[in-house]
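Report on the structure
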Amino acid sequence: MSSSFLREEFTKKLREIKKADIVVGVPSYCNEDTIENVLCQISEGLREFYPDLKSVIIVSDGGSTDETRERAEKANTDKIEKIITIYKGIPGKGSALRTVFSAVCNLEAKLGLCLDADLRSIKPDWIKKLAQPIVEGKCDFVAPLYLRHKYDATITNDIAYPLTRALYGIRVRQPIGGDFGFCRELALDYLEEDVWKSDVAKFGIDIFMTTTAICNGYRIGESPLGAKSHNPKDPISLTPMFREVVGTMFDLAEKYEKRWKRIKGSVLPRITCEVEFIEPGEVTLSVEKLEANFRAGWERFSGLWKKILDDLNFKHLKRVREEKDLLYASSWARIVYDYMVAHHKKIADVDRATLLWSLVPIYQIRVASFVKQTEGVTSEHAERIIEDQAQIFEDCKSYLIERWES
C-alpha cells in the first residue's frame, strides 16, 4: 500500500507507535471553537469504554487559518496518543480521511472511527456506540442515527437518503452523517479505490464510504446517537457540497449499475441500540432566498431543463415557477432520476459540472416546498414525511430503469 500521500513526519510518528487497536480520526478545518471539546470527549470515551485497548487520535487538518491546530494540541487527552497533521492532497474532507484510513491500516488497528470537528453534542458514549458493534464482530460499518431538526441536513433528507435507499436497498438514514465506525478491511478497500482526485476527496467522501461498504458486502449497522448539534448550514451555502455529494452518487451509480438494477425494496440495517426521540434544536431557513434562487435558475437553465427532464416533469416545474404549485416528492424523485439518466447518457451534450450546477436551483425549490409542507409540525412528524419521500423514490425506481435502458 502506497503512503506517498502522507507527510514524512506523520509516517515517522506512525512507525514510532507501531501498532494500535482503535484509531479515531477527526478531519478539521477552522474549527477552533469546537475542536478542543471534541477531542476531550473522544479521549474520555476511549478511556472509559476501552481502557485495555491501545487508542490513537488523529487530527487531519486542512491547513486551518485560525487556531484549530493549536487548540487541538492544547486539548487534554490524558494518556491517549494524539497526532496532529496537515494532510496532503486535494483540499477537502475526503483527503483528510484518506490519511486516517492509512493510519488504521499502517497501525493494523481493529477498527477506525471518524468524528466531525464541529460537533457540539458529542458525548463519550458515542465512542462505544460506534465502535462496539465492530469490536463484537456484529458489524463492519456503523453509520450514525441522529435526531435532527426538520430543516437540518437537507441534502441528506432530499437526495442522499432516499436515493441510497432506493438504489441499494438499505435504509441508512444518515449516509453522509460524518461520524462513522469501520473495520480495517474496509479502510483498506477505501484506500485501494482510484478516487482520490475526484469529488470523493472533498465532500463526496461520506456517501462514498457508505455506498462502498454496502456494495462490497460489508455488514451495515446504525447506532442512535441522540440529537445532533453542530454548525448547521443553510441550503444556499451548501451548494458546493451538494454538487460533490450528488456527483459522487451519480458516479457510484455508474460503477454499481448491475447491483442496483436487480434490487427491489429496502431493509433496515442492524440497529445497535434503542432509539429515543428528543426534539432537536431549532434550525431556520429562508424560503424567500430559496425561491429567488430557483427563479434565477429558471432564467439560466430552463432551456437545459427542457432537454433533460421528461415533459411532465418539466411542465410541473413550470407550474412551480408560476407559483401555481409546490415541487412535491413524486416530481422531485422523477427529476433526480432524469438527471441520473442525463449523467449516464450525457444528454444535451453538457459538461458534468454544468449538469450538477443546474440541479441546484431545483433542489433549493424542493427544500422550500418541504418547508411550506411542514410549517407548524414537529420534527418527529416531519420525519414521517421524509420517510414517505424515500418510499416514493423506491416506488419510482422502475421509471429510472426504464429511462436508463431506453
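This write-up is about the structure you can find in this document. (Residues numbered from 1 in each chain as written. Predicted model: local features only at pLDDT ≥ 70, side-chain atom pairs only at ≥ 80, totals over all residues. Heavy atoms only, no water.)

A short note on the overall build of the protein
- Helix and strand counts for the protein come out as 16 helices and eight strands.
- Its C-alpha atoms give the protein principal-axis dimensions of about 65 × 45 × 40 Å.
- Per-residue burial over the protein gives 58% buried out of 406 residues.
- Long-range pairs, those at least 24 residues apart, make up 84% of the contacts in the protein between residues at least 6 apart in sequence.
- Summing over all exposed atoms, the protein offers an accessible surface of approximately 17100 Å²; the carbon and sulfur share of this is 46%.
- One finds the centroid of the 60 positive side-chain charges in the protein at a distance of 3 Å from the centroid of its 63 negative side-chain charges. (Helix = DSSP H or I, 4+ residues; strand = E, 2+ residues; numbered from the N terminus. Buried < 20%, exposed > 50% of the residue type's maximum accessible area, 1.4 Å probe, protein only. Contact = heavy atoms within 4.5 Å. Areas by Shrake-Rupley, 256 points an atom, 1.4 Å probe, with all protein chains shown as cover. Lys, Arg positive; Asp, Glu negative; His and termini not counted. Charge placed at Lys NZ, Arg CZ, Asp CG, Glu CD.)

Observations regarding the sheet that holds strand β3 (residues 81-86)
- The sheet built from eight strands is open, its strands ordered β3-β2-β1-β4-β6-β5-β7-β8 with mixed pairing. Unpaired on one side and paired on the other, β3 and β8 (270-271) mark the two borders of the sheet.
- Sheet analysis places strand β4 (residues 111-114) next to strand β6 (residues 180-183), joined by four bridges and oriented antiparallel. Among the inter-strand pairings, Gly-112 is bridged to a residue of β6, identified as Phe-182.
- Against the sheet, helix α1 (residues 8-17) engages β2 (55-61) and β3, with an angle of about 165° to β3.
- Packing against the sheet, helix α4 (residues 93-106) makes contact with β1 (22-28), β2, β3, β4 and β6, and its axis sits at approximately 165° to β1. (Pairing = 2+ DSSP bridges. Axes fitted to C-alpha atoms, helices over the stretch in contact; angles between N-to-C directions.)

Description of the packing of aromatic side chains
- Under the definition given, this model contains 16 aromatic pairs.
- Within the aromatic cluster, the residues linked to one another by ring pairs are Phe-101, Phe-182, Tyr-190, Trp-196 and Phe-208.
- Across from the ring centre of Phe-5, 3.8 Å away, lies the NZ or CZ of Arg-98, which sits over that ring.
- Between the NZ or CZ atom of Arg-173 and the centre of the ring of Tyr-161, over which it lies, the distance is 4.8 Å. (Phe/Tyr/Trp six-rings, centres within 6.5 Å; stacked < 30°, edge-to-face > 60°. Lys NZ or Arg CZ within 6 Å of the ring centre and 35° of its normal.)

Here we look at unusual backbone geometry
- Phi at Asp-78 is positive, roughly 55°, even though this residue is not glycine.
- The topology assignment puts Asp-78 in the loop between α3 (68-74) and β3.
- Although it is not a glycine, Lys-346 sits at a positive phi angle of roughly 55°.
- With respect to the element layout, Lys-346 can be found in the loop between α13 (329-345) and α14 (352-373).

Some points on the side chain of Glu-291
- Here Glu-291 lies in helix α11 (residues 287-308).
- Contacts of Glu-291, omitting those with residues within four sequence positions, involve Ile-365, Ala-368 and Lys-372.

Notes on empty space enclosed by the protein
- Counting across every chain of the model gives one cavity of 30 Å³ or more.
- Size it by volume and the largest cavity reaches roughly 30 Å³.
- Surrounding the largest cavity, Phe-5, Leu-6, Arg-7, Phe-10, Thr-85, Ile-86, Tyr-87, Lys-88 and Thr-99 form its lining.
- Looking at the lining of the largest cavity, its residues break down into five nonpolar, two polar and two charged. (1 Å grid on protein atoms, 1.4 Å probe; cavity = no way out; pocket = protein on both sides within 12 Å on 5 of 7 lines; lining within 4 Å. Points joined across faces, edges and corners; volume = space filled by probe spheres on them. Nonpolar A, V, L, I, M, F, W, Y, C, P; charged D, E, K, R; others polar.)

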